[in-house]
Amino acid sequence: MTLPLSRRTVLRGAVVLGAAAAVSPLLLSGTAQAYSWSRTLVQGNTGADVTELQIRVAGWAADRAGQTRVSIDGEFGPGTAAAVRRFQTAYGLGADAQVGPATQAALNALEQSDGSTAHFNFSEFTDRVSGTFNGGKVSAATAKENARRCMYKLEALRKKLGNTPITVNSGFRSIAHNAEIGGAGDSMHLYGTAADLDVPGVANKTVYQKAETCGFSGLETYNTDHQHVDSRADLGRSWWWENGTV
């Protein structure tokens, strides 16, 4: 897909290097049920499986607009529990904040065998010139992991928009490609944690407002030809919502 030269090329949000460490899921060959959960997770648990849970429910950070995010820290606290309850409610599960077999199955149903998600592919997030995650401000592995985390927030956004398909027009960008199109010198796209979206049939303002509940800490104004979302706070940056809380 060719990236249109539009306002998306001059996004004002920026972030300094500081990507979170990647957490690699245990992949089981040939199945979409890719992550191997070994226990029922409850509030008070810690560990890599809690971190993976937090990545997967991060898009269920809030019920209403507010600068709220799920911390990806491996500690199952109240914020994670609240996000789990919202996920369970959205998927018709008992909202008890206990992540047992039924909730784990619902989480795994959103994952493809390569670690991408049910409705988003890594190819949608790669640099539009090289087709890779190389050449950004973080390693290719970190950029790909950041894109994976973004996908789970987008899955939540898609669900909240009534399961409306979302097109990713721009995801990760290499430094060279970003400079070529006039992107901000420290754009979040360089880290793999940003996406420019098109949601046919849905106003950008609606997309923006729903994104305010999905833990996205960077939101460009909806008064343009796309909707930019990013997770700069996950990388230690300050929140930036161009239209404020609406």
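This part is about the overall build of the protein chain. Regarding its fold elements, the protein chain presents 6 helices and 5 strands. Overall, the protein chain shows an N-to-C arrangement of helices and strands of α-α-α-α-β-α-β-α-β-β-β. A total of 246 residues make up the protein chain; the buried ones form 54% of that total. For the protein chain, the share of sequence-separated contacts (at least 6 apart) that also reach a separation of at least 24 residues comes to 65%. In the structure as shown, the protein chain presents an accessible area of about 9600 Å², 50% of it carried by carbon and sulfur atoms.

With that out of the way, let us pick up the sheet that holds strand β2 (residues 194-198). The 5 strands are arranged β1-β2-β4-β3-β5 in an open sheet whose pairing can be described as mixed. Every other strand in the sheet has two partners, leaving β1 (167-170) and β5 (240-241) as the edge strands with one partner each. As judged from the 3 bridges shared by β1 and β2, these two strands associate in the antiparallel manner. Counted as the bridge partner of Val-168 is Leu-197 from β2.

This next bit is on the pairing of strand β4 (residues 227-230). Taken residue by residue, a regular strand's side chains alternate between the two faces of the sheet. Going residue by residue along β4, you find Gln-227 and Val-229 tucked away on one face and His-228 and Asp-230 tucked away on the opposite face as well. Both β2 and β4 contribute to a ladder of 4 bridges, which runs antiparallel. Across the sheet, residue Leu-197 finds its bridge partner in β4, namely Gln-227.

A few words on unusual backbone geometry. Residue Ala-97 is not a glycine yet carries a positive backbone phi of 65 degrees. Relative to the helices and strands, Ala-97 resides in the loop between α2 (78-90) and α3 (101-108). Although it is not a glycine, Asn-163 adopts a positive phi angle of roughly 60 degrees. Tracing the sequence through the fold places Asn-163 in the loop between α4 (140-160) and β1. Judged by relative accessible area, Asn-163 falls into the partly exposed class, the value being 43%.

Right, let's get into the packing of aromatic side chains. For the coordinates displayed, the defined rule picks out 8 aromatic pairs. Pairing Tyr-208 with Tyr-222 gives two aromatic rings, centres 5.2 Å apart and planes at 85 degrees, and the pair type is edge-to-face. Taken together, the positions of Tyr-208 in helix α6 (residues 204-211) and Tyr-222 in the loop between β3 (218-219) and β4 put the pair 14 residues apart, joining distant regions of the chain. One aromatic cluster is present, built from ring pairs that chain together Trp-60, Phe-87 and Tyr-91. Here the basic side chain of Lys-144 rests over the ring of Phe-122, its NZ or CZ set 4.6 Å away from the ring centre. For Lys-159, the ring lying beneath its charged end belongs to Tyr-91, and the centroid distance is 4.2 Å.

In this fold, Gln-88 is placed in helix α2. At 3.0 Å, the side chain of Gln-88 and the backbone nitrogen of Ala-97 are in polar contact. Discounting chain neighbours no more than four positions away, the residues touching Gln-88 are Leu-93, Gly-94, Ala-95, Asp-96, Ala-97, Gln-98 and Thr-103.

With respect to burial, helix α1 (residues 48-57) is a largely interior element, 9 of its 10 residues being buried. Contacts from the buried residues of α1 go to α2, α3 and α4.

Calculation notes
Residues numbered from 1 in each chain as written. Predicted model: local features only at pLDDT ≥ 70, side-chain atom pairs only at ≥ 80, totals over all residues. Heavy atoms only, no water. Helix = DSSP H or I, 4+ residues; strand = E, 2+ residues; numbered from the N terminus. Buried < 20%, exposed > 50% of the residue type's maximum accessible area, 1.4 Å probe, protein only. Contact = heavy atoms within 4.5 Å. Areas by Shrake-Rupley, 256 points an atom, 1.4 Å probe, with all protein chains shown as cover. Pairing = 2+ DSSP bridges. Phe/Tyr/Trp six-rings, centres within 6.5 Å; stacked < 30°, edge-to-face > 60°. Lys NZ or Arg CZ within 6 Å of the ring centre and 35° of its normal. Polar contact = N/O pair within 3.5 Å; in protein donor to acceptor, adjacent residues only side chain to side chain.

Treat this as a map of the structure, not an account of what it does.
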